[in-house]
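Summary of the model geometry
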Amino acid sequence: MMSLLNTDLSFTYLLAQTSSGSGGAGVLNLIIGLAAYAFSSYCLYVMFQKLNYPKPWFAWVPFLQNWAMFELGDQSPWWIIGFFIPFVNIVAAIYLIIAFINMVKKLGKNPWFILLMIIPLANFAVMYYFALM
């Protein structure tokens, strides 16, 4: 118990505990994350254009992506507010999935491919299929 009281948990101390050799991994993770965001946003942009959404640039803005998906999927876009309320966010996520299924049906694609989106890296292939095939 005494050693817990003597532990310095200041922010500077916690920053000093990170390994100096992992700096490159953080930059690599940032680059990979930005590339994944750009690719998925581009795929959504193309899908929004194919569905004649009046503001396809919404695909590049995080919360507006969901707003457009709710609208295109015939769901109320106000479910976005539900993402900020505990337990209601689960219901809002289910409605977003339903909206995405409706969107995919409007594109004339098989909605069962959405199940493949839970597999890492396969989700990019599925997004590519929905948008560009």
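This structure is a prediction, so every number in the text was calculated from the model and none was measured.

Before going further, it helps to spend a moment on helix H6 (residues 122–132). Every buried residue of H6 is listed here: Val126, Met127, Phe130 and Ala131. Take H6 and look down its axis: the buried residues cluster within an arc of 125°, on one side only.

Here we come to the packing of helix H4 (residues 62–72) against helix H5 (residues 88–106). With their axes 8 Å apart at the nearest point, H4 and H5 run at an angle of 60° to one another. In terms of orientation, H4 lies oblique with respect to H5. When you trace H4 past H5, the crossing you get is left-handed. Facing Asn66, Met69, Phe70 and Leu72 of H4, the residues of H5 in contact are Ala92, Tyr95, Leu96, Ala99, Phe100, Met103 and Lys106. Along the lines of polarity and charge, the residues of the contact of H4 with H5 split into nine nonpolar, one polar and one charged.

Summarizing the sequence annotation, UniProt attributes the feature "transmembrane region" (unreviewed entry) to residues 27–48, 78–100 and 112–131 in the numbering used throughout. Within residues 78–100, the helical portion is 57% and the strand portion 0%, while the C-alpha atoms at the span's ends are 15 Å from each other.

Turning our attention to the environment of cysteine 43. As for its position among the elements, cysteine 43 is in helix H3 (residues 23–50). Looking at cysteine 43, the relative accessible area reads 0%, which means it is buried. Through-space distance from the C-alpha of cysteine 43 to that of leucine 132 is 7.4 Å; in sequence the pair is 89 residues apart.

Turning to the environment of tyrosine 129, a few remarks are in order. Assignment of secondary structure puts tyrosine 129 in helix H6. Residue classification places tyrosine 129 among the partly exposed positions, given a relative accessible area of 29%. C-alpha of tyrosine 129 to C-alpha of phenylalanine 113: the two residues are 16 residues apart in sequence and 9.3 Å apart in space. If near-sequence neighbours (up to four positions away) are discounted, tyrosine 129 is found in contact with Lys109 and Phe113.

So, about the nonpolar core. Burial of nonpolar side chains together is a common tendency in soluble globular proteins. Among the nonpolar cores identified, the biggest contains 25 residues, and Leu44, Met47, Phe48, Met69, Phe100, Met103 and Phe130 are the most heavily contacted of them. When contributions to this core are tallied by element, the ones reaching two or more residues are H3, H4, H5 and H6.

The relative placement of two aromatic rings is captured by the distance of their centres and the angle of their planes. Applying the stated rule across the entire model yields twelve aromatic pairs. Ring plane angle 40° and centroid distance 5.5 Å describe the contact between phenylalanine 63 and phenylalanine 84, whose orientation is recorded as tilted. Within this pair, whereas phenylalanine 63 is found in helix H4, its partner phenylalanine 84 is found in the loop between H4 and H5, the two being separated by 21 residues in sequence. In this structure phenylalanine 63 comes out as partly exposed when scored by relative accessible area, which is 47%.

Rules used throughout
Residues numbered from 1 in each chain as written. Predicted model: local features only at pLDDT ≥ 70, side-chain atom pairs only at ≥ 80, totals over all residues. Heavy atoms only, no water. Buried < 20%, exposed > 50% of the residue type's maximum accessible area, 1.4 Å probe, protein only. Helix = DSSP H or I, 4+ residues; strand = E, 2+ residues; numbered from the N terminus. Arc of directions from axis to C-beta. Axes fitted to C-alpha atoms, helices over the stretch in contact; angles between N-to-C directions. Parallel < 35°, antiparallel > 145°, perpendicular 65-115°, else oblique. Left-handed = near helix turned anticlockwise from the far one by under 90°. Contact = heavy atoms within 4.5 Å. Nonpolar A, V, L, I, M, F, W, Y, C, P; charged D, E, K, R; others polar. UniProt positions renumbered as here; feature names shortened; annotations may be inferred. Core = buried A, V, L, I, M, F, W, Y, C linked by side-chain atoms within 4.5 Å. Phe/Tyr/Trp six-rings, centres within 6.5 Å; stacked < 30°, edge-to-face > 60°.

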